[in-house]
Structure formats: C-alpha cells, structure tokens
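Summary of structural features
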Amino acid sequence: MSSYVLILDDDADVATAAQLLLRRRYTQVATLCDPAGLPALLARGVPDVVLLDLNFTPGRINGAEGLALLDLLRSQARPPAVIAMTAYADVPLAVEALKRGAGDFITKPWDNTRLIAAVDQALARRDAVRGGAVGAPELMGESRAMRELKALIASVAPTEANVMVLGENGVGKELVARAIHAASRRAVGTLLAVDMGALPESTFESELFGHRKGSFTDAKADRAGRFQAARGGSLFLDEIGNMPLAAQAKLLTALERREVTPIGADKPEAIDVRIISATNLDEARLFDPSAFRADLLFRLNTIVLRVPPLRERREDVPLLLRHYLTLYQQQYDRPARSISAAAMDMLVRHDWPGNVRALRHACERAVILGQHGEYSVADFGLAAAVPVSASAAEPVVMVTAATAGGDMTLDAIERTAIAATLAQFNGNISHAAKTLGISRAALYRKLGKHGI
C-alpha cells in the first residue's frame, strides 16, 4: 500500500537525515522546514504520517508552535497520524501533544530503529485512526458475538481494572482497547500504544521507564518513558505475549510497586496509568510458565475480553465489506460498485485467516483493480490464497507464480512467504520469525512494509 510521510522540522539537516532514513521504506517521504507552507501542502494532499517538531523559533521550548500545527493537522477531514518530535524530553509537553491527538512522540536525537517502528505502527493504525478520529473508535458488527463484546466493554470501561484482550492477528484488539479508553473515566487523558513485540530487549527499560542524561553512552538528554507519558490515561501494551521473560520481570515489578525508576535516576517515580494489554497467544500458551510469568499474567488479566475471529461472525462480513469498499472508493476517487451475488457468497464463506485486517486489504485491492460494474471474487484476490504445509514441525511454503498472484518479483515472493508462514502458526510472530530466520523486530518491519 502507498505511504506518504511528511517531516516538518525547521532544522533542514534533521529533516534530511530523517528523510534519508525513511525513504528506503516508504513510498513518498517529503520535508517541510517552514510551517507557513503547511496549509498549501495539505491542500495538495494530506500525508499518512507527519513527524512534527514542536519548536520552530530559536530559543522557544514551550512547544506552542508545534501544538498549534498539531491542531491544524487534526482538523483535517482525514487527519494524518502524528508523531511529535522534540529535543527536550519534557513530560508535560509530550502528554499535551498526546492529549491533542498525537499518536506517539520521539526525542531527538532519535534511535533509527525506534523511529522506523513508530512510523510502522502509525501506518498500521492509520485506517482505525481516520475512521475514528472523532469520538469513540467504532467496533463494527451486529452479530451476537460482537453485541456481547460491546456489552462487556461498556461494563468494564468505567472501572480501573486492568484488561487483557485476546484474539488472533487482525481481529481489532487495538480498536477494543481504544473503545475501553474512550468510555472510561480516563478518556480525557491519552491512550498510548506500545508494541511490546517490537521493543528491543536492550532498550526495554529506557522505552518504558525513561532515562537520565548521561546514564549510558547514547543518553544525550533526559527522556520520558511510556509510563510517564501516559500519566492520567491508559497504556496499551500490544503483543504482550512476545516479551522475553527477563523483560516480563521488570514490567511486573513496575506494576506491583506502581512506580518506575528511570535509568540513571536516584529515586522512583509514581505511575498513574490503566493497563490494557493484548496478545494473539492462545490461553494455554499464556499459562505455560516457560512462555509467560504467571504472576505477571494475574496482574494483567483482571478482566479478559476475547475478540472473535471473523469466521465466527460471518454475518458481519457484508457490513464490513460495504464499509471498507466505500472508504477506499472515496480515498482513491473510484466509482461506487456493488458486489455480485456469487462474490458475496464466496466472501461470506471465506475463512479470512487475517480477519478484519485481511478483509480491509482485500477491499483496497478490489477498489484499485476492479474494472467492471460489479466486484467479482477475483478483484479481492482470494484466488491467490496461499496453501501451507500441514506439518508445524517442518513448515514448507511453496511460492509459485500462482500463489504469488502471478507476480514473481522479490517483493511479491517475500510477502507471500511471510503471509503463508504467519498462517502456518496462526499469527504467532515469534514462531513465524524463527521459521523465516529473522528477528521479531525485522518481521514487524516487513509486516508494515507489505501491509500484512
């Protein structure tokens, strides 16, 4: 899928450095050093993600200029995801940016891996953010399973209980987390999402708990951790099941004591966040002490919400199809088309291994490639479904011109192999990464690259 990233920073060297890093991964990466040119740029097209500096006038460090630009970006009919950037690790400023709609913040000088992960996560959330920019995110579906899930959210949200959201990849676990936060007493605060599976173990404490200037070689300034930045709001710990056991112990200590100690700090800082976590691990695996600490699990799963896969709520498929087809028809300025009866029947009966995320991508494909008065099954690419080996011990992925949809470019082959391996292991990132011979972080980057 296309990706348009804008870097808005008054320092041309900083903007260029970010552009050189990001343009190898994303379709279009533009820079803008004078914020006065932003309205004209937005008139030509709104970016998917904006990296926004919070200070432009030399000597000013209060972030007022950047916050005003953030308000302008969020006022767009289809607002971009915004990642705030500042050279000053000021917790109140970061929190204010998050409250006004920024999805994340980066402290300069940034870590390249951290910056790429932040953009990848912003792109992965862009449809959900654009669809629910005003008010509570929408969990679509009128099936019995979805009605029961919505009723549980309404019951749980006003409490302070920690919530664990279980479900396969692509079912909408983050939308559930956002719905819980939006209906909670903390809705005026921020919901800060952290992809735990993408956090390198070496920087785990710095990312979550923060650090002080000079505490290690690259600590060139104080930095707020995610627990401090989400103060007064909710912290969404996604892919919690992929955390190493050593990192789990550190997280448990923070939750038990309700305080964190930034690296290099002399004393701990109290935390005030509600924890919402999510994982695609099945419950049997969660209760395996070799994979997940039981004491941490009991801290996180006060309330457990299970999000049903799409194959268990097939009656919701027509509603979802109409929603996403309309969304992409408007986005790509394509004519409205109906779905043939044969295609609708096939789409409803399809198991959708990637759940709502896979359905959404199939709709985008159909809108882009559809040429006839009605959408056909072929427009959605279901004929290119990838078969996988029945043996989990020695998974074999056969990538051919047929399984790659007729496209034998390296990108197409890589995407097909990744999709097949994820299907083989029911979406388990750790097992898929091991089979593919790459790290979890590398697999996350490739998932963002290929829109899987």
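Let us look at the structure shown here. Given the structure is predicted, the values throughout are model-derived calculations rather than measurements.

1. Re the packing of helix α14 (residues 317-331) against helix α16 (residues 355-369)
Packing of α14 against α16 brings their axes to within 9 Å, and their N-to-C directions diverge by 45°. By the angle class used here, α14 and α16 are oblique. For α14 against α16, the interelement crossing comes out right-handed. Every residue of α16 that contacts α14 at Val317, Leu320, Leu321, Tyr324, Leu325, Tyr328 and Gln329 is listed here: Val356, Leu359, Arg360, Cys363, Glu364, Ala366 and Val367. In terms of residue class, the contact of α14 with α16 is made up of eleven nonpolar, one polar and two charged.

2. Some thoughts on the sheet that holds strand β11 (residues 274-279)
One open sheet accounts for five strands, arranged β7-β8-β11-β6-β12; its pairing is parallel. Because the sheet does not close on itself, it has two edges, and the strands there are β7 (191-195) and β12 (303-306). Direction aside, neighbouring strands of the sheet carry axes that sit 20° apart on average. Of the strand pairs in this sheet, strand β6 (residues 163-166) and β11 are connected by four bridges, and their pairing is parallel. Note that in β11 the partner of Val163 across the bridge is Ile276. Strand contacts of helix α8 (residues 173-182): β6, β7, β8 (234-238), β11 and β12, with the helix running at about 165° to β11, the strand carrying the most contacts.

3. A look at unusual backbone geometry
Even without being glycine, Asp333 reaches a positive phi, approximately 55°. As for its placement among the helices and strands, Asp333 is situated in the loop between α14 and β13 (338-339). The exposure class assigned to Asp333 is exposed, which follows from its relative accessible area of 69%. Although it is not a glycine, Asn355 adopts a positive phi angle of roughly 60°.

Rules of the game
- Residues numbered from 1 in each chain as written.
- Predicted model: local features only at pLDDT ≥ 70, side-chain atom pairs only at ≥ 80, totals over all residues.
- Heavy atoms only, no water.
- Axes fitted to C-alpha atoms, helices over the stretch in contact; angles between N-to-C directions.
- Helix = DSSP H or I, 4+ residues; strand = E, 2+ residues; numbered from the N terminus.
- Parallel < 35°, antiparallel > 145°, perpendicular 65-115°, else oblique.
- Left-handed = near helix turned anticlockwise from the far one by under 90°.
- Contact = heavy atoms within 4.5 Å.
- Nonpolar A, V, L, I, M, F, W, Y, C, P; charged D, E, K, R; others polar.
- Pairing = 2+ DSSP bridges.
- Buried < 20%, exposed > 50% of the residue type's maximum accessible area, 1.4 Å probe, protein only.

Geometric values such as these leave the question of function open.
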